[in-house]
Amino acid sequence: MTERDDALRQIAEIAAQHQIRASEIIEVLSGKKPADQAERSSGIVARVMAYLGGIFVLAGIAIFIGMQWDFFNSATRVLITLGLGFLIFLFALSTLKDERFSRVTTPLFLISALLQPTGIMVMLQEYSRGGDPEHGLLFMCTVMFLQQFLTFLAKKRTVLLFTSLFFGAAGFGTLCEILDIDFEMASLALGIGLMTISYVIDKSPHRDITPFWYLAGSVFFLYGAFDMLEDSLVEVLFFGIAAGVMYLGTVVRSRVLLFSSVVALMSFTGYFFRDSLANAFGLIIMGCLLIGLSVFAMNLNKKYIQTRS
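From a predicted model like this one, the values you see are computed outputs, not experimental measurements.

Caption draft 1: Broad picture of the packing of helix α8 (residues 183-201) against helix α9 (residues 210-229). Put simply, α8 and α9 touch, their axes get as near as 7 Å, and they point 155° apart. Here α8 is positioned roughly antiparallel relative to α9, judged by the angle of their axes. The crossing of α8 and α9 is left-handed. Its residues assigned to classes, the contact of α8 with α9 comprises 17 nonpolar, 7 polar and 2 charged.

If you want it as C-alpha cells, here you go:
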C-alpha cells in the first residue's frame, strides 16, 4: 500500500468516525462555502420570478401579434415570427459565453424552437403557390432538426438535443404519412427508435431528458403493437409485449418504462376481460389482479431499479 492509499484510508476512517459526508469534504477542498437555506430559497424564488416574467412577456407578445395579425402584410408576418425566433436563437447562443445569463439560456432556446417553426409555416403559407401541406411540414421539421442538432454538436447543450429529437420524431412521422406507411408500423418503428436513442443518451451527460423520451417511445411502441394485434386471433400476445417492456425497464433501470408497461398491462387487462366486468365478481377479480400487478411492479422497482441506482 502506497502513502497515498494510506492517507485516503485514514481520511475515510476519520470521516466515518465524525459522520462527515463526502459532499462536505468536496466543499472544503474546493474552497466553496456551502449555501445556507436562505440563499437557496432566494435563488429558487428569483428563478421562479424570472420564468414567470418570461412567460408574461411571451404571452403579451403573442396577444399583441394575434390582435394585429390581420393588419400585417406577408413580410411583417414572417418577420415577427421567423425573424423574431431566429433573433432569440442568436441571443440564446450569445448567453452561452456569459455566466450571468446562464439561467435564461434554456428558456430562450425553447422559445426560439417554438417561434421559428411557426415562422417557417407562416412563410410557406404566405409565399407558396399551393402544394401538399405535409410537404411543408416535413420541410419545417428537416430545417429545424438540422439547425438544432448541428448546434447541439457544437455547443453540447441538453435542451438542443431535446428539441432535435422532437423535430426528428415529428419529421419521421410526417415522412411516413407522406409515404402512406401504416400508422401502426410507423408507430412501432418510432417507438423502438426513441427507446434505443434514449438508452444511448442515458449513458451520456445528457441523461436528464431520457425519462420523457423513454415515455414517448414506449407509448408509441405499445400503441402500435396494440393497434396491430387488436381484434386478431393473437391479440393476447400484447400481454407478453407489455411484459417485455417491463423487463426492459428493469434492465435499463427506467421507472418510466416500468410505469408505462404497468399502465399498458392494466389497460389491456380491462379491455381483454371487458365482458367479464359486468358483474360484481368480475370487478372483484379485476381489482385483485390490478393490486397484485401494482405490488409486483413496486417490488421490481425496489429490487432492480432503486437498489442499483
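There's more to say after this.
Caption draft 2: Representation of the packing of aromatic side chains in the model. Evaluated as defined, the whole model comprises 13 aromatic pairs. Between the aromatic rings of Phe239 and Phe268, the centroid separation amounts to 4.8 Å while the plane-to-plane angle is 80°, which identifies the pairing as edge-to-face. Of the two residues, Phe239 is situated in helix α10 (residues 237-252) and Phe268 in helix α11 (residues 255-272); the sequence distance between them amounts to 29 residues. A relative accessible area of 3% means that Phe268 is categorised as buried. Grouping aromatic residues by their ring pairs yields a cluster made of Phe226, Phe238, Phe239 and Phe268. Above the ring of Phe152, the side-chain terminus of Lys156 is found at 5.7 Å from the ring centroid.

Caption draft 3: Main features of the nonpolar core. In terms of nonpolar packing, the biggest core is built from 20 residues, with Tyr214, Phe221, Leu222, Phe238, Ala242 and Leu257 touching the most fellow members. Elements with a minimum of two residues in this core: α8, α9, α10 and α11. At 8 residues, the largest contribution of residues to this core is made by α11. If we skip the residues at most four places from it in the chain, Leu257 touches Met195, Tyr214, Ser218, Val245, Leu248, Gly249 and Val252. Formed by 19 residues, the second largest nonpolar core is a distinct cluster that contains Ala92, Leu115, Val159 and Leu161.

Caption draft 4: Layout of the environment of Ser267. Mapped onto the elements of the fold, Ser267 is located in helix α11. Side-chain polar atoms of Ser267 contact the backbone oxygen of Val263, separated by 2.8 Å.

Reading the values: the criteria
Residues numbered from 1 in each chain as written. Predicted model: local features only at pLDDT ≥ 70, side-chain atom pairs only at ≥ 80, totals over all residues. Heavy atoms only, no water. Axes fitted to C-alpha atoms, helices over the stretch in contact; angles between N-to-C directions. Helix = DSSP H or I, 4+ residues; strand = E, 2+ residues; numbered from the N terminus. Parallel < 35°, antiparallel > 145°, perpendicular 65-115°, else oblique. Left-handed = near helix turned anticlockwise from the far one by under 90°. Nonpolar A, V, L, I, M, F, W, Y, C, P; charged D, E, K, R; others polar. Phe/Tyr/Trp six-rings, centres within 6.5 Å; stacked < 30°, edge-to-face > 60°. Buried < 20%, exposed > 50% of the residue type's maximum accessible area, 1.4 Å probe, protein only. Lys NZ or Arg CZ within 6 Å of the ring centre and 35° of its normal. Core = buried A, V, L, I, M, F, W, Y, C linked by side-chain atoms within 4.5 Å. Contact = heavy atoms within 4.5 Å. Polar contact = N/O pair within 3.5 Å; in protein donor to acceptor, adjacent residues only side chain to side chain.

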